[in-house]
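Here's the letter readout for the chains.
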Amino acid sequence: MIAVWLAGLLFSSPGPSPASDGVQDPVAQEAPASPDVAVELEDVVVTGRSLDTMIRNFVGEVAEPNRRRGLARWDGPVCVGVSNLQADAAQYLADRISTVADDLGLEPGAPGCTPNIVVIATGDAEALARTLVSERRRAFRMGGAGMDRGGDALEDFVETDRPVRWWQMAMPVDSETGQRAVRLSGDCSGPECAGGSGSALAFAPQYNVFAASRLRTQIVDNLIRAVVIVDVDQVQDLSILQLADYIAMVSLAQIDPDADTRGYASILNVFDDPEGSASLTSWDQAFLGGLYSAERIAAAQIARRSEIVDAIHDEHQRLREGEGADEPGVLD
């Protein structure tokens, strides 16, 4: 039964399991050589745009938070489970994604952990996506406000042909306590709930406000689950490192699957230009680093995005000073 299989995969699978081919062996495959550097990150004069403008444009293009919510990120252990690949390839994917998460300050899950990032390889991605959503729809739409991208996006996840497709769930939480700040179906607190006669207040999430402000908020959005489906027939031209880094990018951040990143050197371009990005680029690292270093305390959505942009700018500076900016940046 697909429902039983998915329930085990999403909530209790211990890790990678072997099955089919479709990704180059990580032991035999070496990462492709780094492409020639055309324009460095700091050479903003070439494009006629300031670094801040380029960062804002990049964030505006690739970032896709849930409706009326701020950008979400993981907070706590990240456990990666990979299914339907040979053991070596599956283990490499899980290890590489976990390494990227660890570099961002996240805690990789211990062996035997319950996966919250589930990667499934298949020869028929649309059929698998359709079956999963049909059989376990509540795993993709839990019903809480701001927890997913909505019904239209879920339909796109199922029906749009892509080499890699992903779906994430996020949870608005109290940043001070970690307590959930959104009501789910059936939630109720208090003695009156037993008879179903509770007031509206009893069904609403409750949390203490430590510092009321119109400019700052203590409610932030945390990723809680990601399902990634890989079409093995469409990733044959990638190295295992490229595939792992692409999955890391789209599972550790909320990335628009329709983003146009051709003007930037990014792993997100890897299916259009496999030779262009051997792994996560400086743009990708700065985006992820900025997302995970931002405080996310601004109440207004525009201000929250500006806070992320500022953090990415700082991360660009850190990368440039620490590593010499030897990755390609913006393309002509």
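The structure reproduced in this document is the subject of the present report. (Residues numbered from 1 in each chain as written. Predicted model: local features only at pLDDT ≥ 70, side-chain atom pairs only at ≥ 80, totals over all residues. Heavy atoms only, no water.)

## Re the nonpolar core
Step number 1: If you look at the biggest cluster of nonpolar residues, it comprises 64 residues, and the most contacted ones within it are W74, V119, L252, I255, F287 and L288.
Step number 2: If one sorts the elements of this core by residue count, helix α8 (residues 240-252) sits on top with nine residues.
Step number 3: I120, A129, M142 and F157 belong to the second-largest nonpolar core, a separate cluster that totals 22 residues. (Core = buried A, V, L, I, M, F, W, Y, C linked by side-chain atoms within 4.5 Å. Buried < 20%, exposed > 50% of the residue type's maximum accessible area, 1.4 Å probe, protein only. Helix = DSSP H or I, 4+ residues; strand = E, 2+ residues; numbered from the N terminus.)

## Digging into the state of the cysteines
Step number 1: Tallying each qualifying case throughout the model produces one disulfide.
Step number 2: One disulfide bridge connects C79 with C113, the sulfur atoms lying 1.9 Å from each other. The S-S bond linking C79 to C113 shows a torsion near 85 degrees; that makes this disulfide right-handed. With a gap of 34 residues between them, C79 in the loop between β2 (77-78) and β3 (80-83) and C113 in the loop between β4 (107-108) and β5 (117-122) connect regions that are remote in the sequence.
Step number 3: The buried category is assigned to C79, whose relative accessible area is 4%. (Disulfide = S-S within 2.5 Å.)

## As for helix α6 (residues 151-159)
Step number 1: Those residues of α6 lying buried are A153, L154, F157 and V158. Around the axis of α6, the buried residues are gathered within 145 degrees of arc, so they sit on the same side.
Step number 2: The inward-facing, buried residues of α6 abut α4 (125-135), α5 (137-140), β6 (164-174) and β7 (219-231). (Arc of directions from axis to C-beta. Contact = heavy atoms within 4.5 Å.)

## Some thoughts on α4
Step number 1: Residues of α4 that are buried: A125, L128, A129, L132 and V133. Viewed end-on, α4 has its buried residues packed into an arc of 125 degrees, placing them on one side of the element.

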